[in-house]
Every structure is written in C-alpha cells, then in structure tokens.
2 protein chains.
Amino acid sequence: MIYLMALDRMGFLLKHAYLAYESLAAEKYDAIGATARECGVLAQVQATENPSQLELANELGVDRTTMAQLLDSLEQRGLVSRTPLPTDRRKNLVSLTKSGHDLLARDRVIRAELDREFLAPVHTAEQATLRSSLHAIVNTQRTSSRTP
Amino acid sequence: MIYLMALDRMGFLLKHAYLAYESLAAEKYDAIGATARECGVLAQVQATENPSQLELANELGVDRTTMAQLLDSLEQRGLVSRTPLPTDRRKNLVSLTKSGHDLLARDRVIRAELDREFLAPVHTAEQATLRSSLHAIVNTQRTSSRTP
DNA sequence: TATTGTTATACTCTATAACTATA
DNA sequence: TATAGTTATAGAGTATAACAATA
C-alpha cells in the first residue's frame with residue numbers, strides 16, 4: 001500500500017509555495033529598501049486613488065491596526081502622505097509621494113524578474129492557469145467572508 | 001492608464017490562498033481534535049516508516065525544535081510514540097500508534113471534503129494543473145535550497 | 001568533536017482592547 | 001452613539017542559542 005506523503009497535501013503546497021515566494025522576494029527587494037508587501041500597499045494606493053486607511057485595509061485584507069503600522073513606516077520613509085479628508089476629518093486619505101511613484105516603477109522591474117524566476121518550474125502555458133486559479137480561490141473566499 | 005492592483009500580485013494571491021485554506025481547514029478539522037498540520041506530520045510518519053525526528057523535520061521543512069514541540073503534543077495525545085534507536089541512541093524513531101492510524105483515516109475523509117470545497121471555484125480540469133504547478137514550484141525551491 | 005533532541009528565549013506577524021478625535 | 005485612527009498588549013508560529021546525552 002502506498003501512503004500519501006504530507007508533501008502532496010494542498011495545505012503544505014500552498015504554505016511552502018508562499019514561503020518560497022517570500023524568500024525569493026526578500027532577496028530581490030533588498031535592492032530597493034522596501035518589501036514586496038510594502039510595494040503592494042503602494043500599488044493599491046495608486047490603483048484606488050486616495051483611499052482612506054480603512055478602505056485600504058479592507059481591500060488588502062488586513063486589520064486597520066496593521067495598516068496603520070505599515071503606513072507609519074511608509075510615511076516616515078517619504079513614500080506616502082496622509083491627509084485628513086476635509087469633509088470627514090476622521091479619515092486619512094493616503095496618497096503616493098514622488099518617491100512612492102518612483103519606487104513603484106522599480107518594483108515593476110523587480111517583480112517581473114521575480115515572477116519569471118519563481119514560475120520557471122511551471123510550463124509557460126500553465127503559468128496563467130496557476131494565476132487565474134489562485135485568483136478565483138482568493139476572490140471567492142474574500143467575497144464570501146465579508147462582514148455585511 | 002490602468003494600474004495593477006496589489007490584489008493581482010503573486011505574493012498576495014499565494015498568501016491569501018494559503019490563509020483561506022487554513023481558515024477552512026481549521027473549521028473542518030475541529031471535529032477530530034487535531035490540526036491539518038498535525039495530520040500532515042502523522043501522514044509523513046506513515047509514509048516514511050520510522051523516521052527519526054530530524055529526518056521528519058527535514059522532510060517537512062521545519063526546524064528540529066519545532067518538530068520536537070509538534071511531537072510533544074502528538075505523543076501526549078497518544079498519536080505517536082518515540083523510541084530510541086538501539087544502534088544510535090541519540091535518535092528517536094517516531095511511529096504511529098493505533099490512535100494515530102485511526103486519526104489518519106478520519107483525516108482522509110475530512111481532507112477530501114476540504115479540498116473539494118476549497119477548489120470549487122477552480123474548473124475541474126484546472127484543479128490538477130494547480131496542484132502540479134504548486135508541486136513543481138515547491139520541489140524546485142526545496143531541492144535548490146538544501147544545505148549540502 | 002559532531003550530532004540528536006530538549007528547553008528557554010526572542011523575534012515576526014497579526015489581531016484584540018482601550019483610547020482619542022471626529023461625526 | 002458610531003466610526004477612523006492610534007497605541008499598547010497579547011497570541012501564534014517560528015527560529016536561535018545553550019544544554020545534555022550519545023556517538
């Protein structure tokens with residue numbers, strides 16, 4: 001009888017694929033003094049155009065306290081600015097600085113190389129499938145676990 | 001100009017797919033009083049047949065101190081036993097107890113349902129591709145980062 | 001002297017709770 | 001009274017370091 005190894009389990013595969021990506025990303029992103037995650041926050045700020053901190057947190061699936069910490073660091077390094085919304089001063093509108101924009105340009109180059117290297121073991125034809133499958137899973141889970 | 005959202009980044013997709021799986025797994029596995037991860041350890045013990053703690057740790061990609069903690073808990077619950085190897089008493093051979101075997105049988109049922117539900121958003125034809133792609137990535141990274 | 005396993009400790013990531021301010 | 005943001009704290013998961021036993 002053949003026993004299924006833990007190595008073939010979905011949980012193991014997802015965890016270690018994630019860890020492998022993070023490890024490779026840490027190497028590559030070292031050159032620009034920011035993490036892949038931080039660049040993800042910047043990208044979301046750019047895509048959303050002046051989100052509040054809470055909107056940003058909800059979009060990225062993190063707690064607002066975690067977002068506050070991330071933004072503290074990004075702001076201290078001059079990558080984003082926080083501006084109180086005049087019509088509702090409880091909200092901080094987050095926007096990219098010039099440095100933030102510049103960093104995103106460098107991020108794009110690094111990420112292209114990172115993804116290329118990370119996905120190298122997967123046949124070219126299946127790389128898009130991998131991405132779309134993950135996308136489908138993540139979108140399903142995220143939309144079904146939203147609080148009303 | 002259209003900006004790429006952070007939500008489409010590989011790191012984000014992998015992380016949240018992993019978190020979604022863990023969240024769903026935590027629900028399902030609650031019924032048997034063990035985690036998916038613990039069942040993965042049991043499965044690896046079964047597949048390897050009497051591994052030492054260190055072998056087990058290396059195979060599963062965790063630190064030996066982490067493995068010691070995992071095994072402490074599994075042993076206390078009567079799921080595995082540790083036996084010093086007579087020819088090298090530094091090594092503990094890990095083996096499944098009857099309860100450990102029984103739990104693995106229940107794990108198989110739970111995992112089938114869990115995977116089915118988790119992979120539901122992915123077309124059936126692409127589910128195997130997702131698994132094989134992750135497998136290729138994880139195996140590549142793991143074998144290339146082994147210490148000699 | 002090197003290896004296996006154990007224990008104590010520290011670090012990272014993240015969330016919960018309590019607080020301030022604004023509405 | 002509810003919401004946005006901040007701060008302090010705690011928890012999970014993991015690794016590093018020091019140690020004991022064995023080789």
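Calculation criteria
- Residues numbered from 1 in each chain as written.
- Chains lettered and ligands numbered in written order.
- Predicted model: local features only at pLDDT ≥ 70, side-chain atom pairs only at ≥ 80, totals over all residues.
- Heavy atoms only, no water.
- Salt bridge = Lys/Arg side-chain N within 4 Å of Asp/Glu carboxyl O.
- Helix = DSSP H or I, 4+ residues; strand = E, 2+ residues; numbered from the N terminus.
- Contact = heavy atoms within 4.5 Å.
- Buried area = accessible area lost by both parts, 1.4 Å probe.
- Polar contact = N/O pair within 3.5 Å; in protein donor to acceptor, adjacent residues only side chain to side chain.
- Axes fitted to C-alpha atoms, helices over the stretch in contact; angles between N-to-C directions.
- Parallel < 35°, antiparallel > 145°, perpendicular 65-115°, else oblique.
- Left-handed = near helix turned anticlockwise from the far one by under 90°.
- Nonpolar A, V, L, I, M, F, W, Y, C, P; charged D, E, K, R; others polar.
- Near = heavy atom within 4 Å.

(A) A look at the pattern of salt bridges. In this structure the tally under the stated criterion is 22 salt bridges over all chains. Lys28(B) is the partner of Glu117(B) in a salt bridge, and the nearest nitrogen-oxygen pair spans 2.7 Å. A residue pair is termed long-range when its members are at least 10 positions apart, and Glu117(B) in helix α5 (residues 98-118) and Lys28(B) in helix α1 (residues 10-29) qualify at 89 residues. Linked by salt bridges that have partners in common, Lys28(A), Glu113(A), Arg116(A) and Glu117(A) make up one network.

(B) Structural context of the interface of chain B and chain A. The interface of chain B with chain A comprises 52 residues on the first partner and 52 residues on the second. Between chain B and chain A lies a buried interface of about 5100 Å² when both sides are counted; carbon and sulfur atoms form 69% of it. One salt bridge in this structure joins Arg9(A) and Asp107(B), with 2.7 Å as the shortest N-O distance. Linking chain B to chain A there are eight residue pairs in polar contact (both at pLDDT 80 or more). Of all the secondary structure elements, the ones that give two or more residues to the side of chain B that touches chain A are α1, α2 (36-48), α3 (53-60), α5 and α6 (124-144) of chain B.

(C) Quick peek at the side chain of Gln53(B). All names here are of chain B. In this structure, Gln-53 sits in helix α3. A polar atom in the side chain of Gln-53 sits 2.9 Å from the side chain of Arg-82. Here Gln-53 is in contact with Met-67, Ala-68, Leu-71, Arg-82, Asn-92 and Val-94, once residues within four sequence places are set aside.

(D) Structural detail: the environment of Ala43(A). Relative to the helices and strands, Ala43(A) resides in helix α2 (residues 36-48). In the structure, Ala43(A) is positioned 64 residues away from Asp107(A) in sequence and 9.4 Å away in space, judged by C-alpha atoms. Contacts of Ala43(A), omitting those with residues within four sequence positions, involve Leu104(A), Leu4(B), Ala6(B) and Arg9(B).

(E) A look at the packing of α1(B) against α5(B). All names here are of chain B. Put simply, α1 and α5 touch, their axes get as near as 10 Å, and they point 140° apart. In terms of their interaxial angle, α1 and α5 are classed as oblique. Like other packed secondary-structure pairs, α1 and α5 cross with a definite hand, here right-handed. Taking contact as the criterion, the partners of Ala-17, Ala-20, Tyr-21, Leu-24, Ala-25, Lys-28 and Tyr-29 in α1 are, on α5, Asp-107, Ile-110, Arg-111, Glu-113, Leu-114, Asp-115, Glu-117 and Phe-118. Classifying every residue of the contact of α1 with α5 gives nine nonpolar, no polar and six charged.

(F) The protein's contact with DNA strand C, seen in detail. Lining the immediate environment of DNA strand C, one finds 20 residues, of which Arg37(A), Lys15(B), Gln53(B), Leu54(B) and Arg64(B) sit closest. At the protein interface, 61% of the atoms of DNA strand C within 4 Å belong to sugar or phosphate. For DNA strand C, a phosphate oxygen lies 3.2 Å from a polar atom in the side chain of Thr66(A). Between DNA strand C and the protein, one listed contact pairs a phosphate oxygen with a side-chain N or O atom of Arg82(B) at 3.2 Å. Those elements that provide at least two residues to the surface near DNA strand C are α4 (64-76) and β2 (88-96) of chain A together with α3, α4 (64-76) and β2 (88-96) of chain B. Tallying contributions element by element places α4(A) first for the surface near DNA strand C, with four residues. Its residues assigned to classes, the surface near DNA strand C comprises two nonpolar, seven polar and 11 charged.

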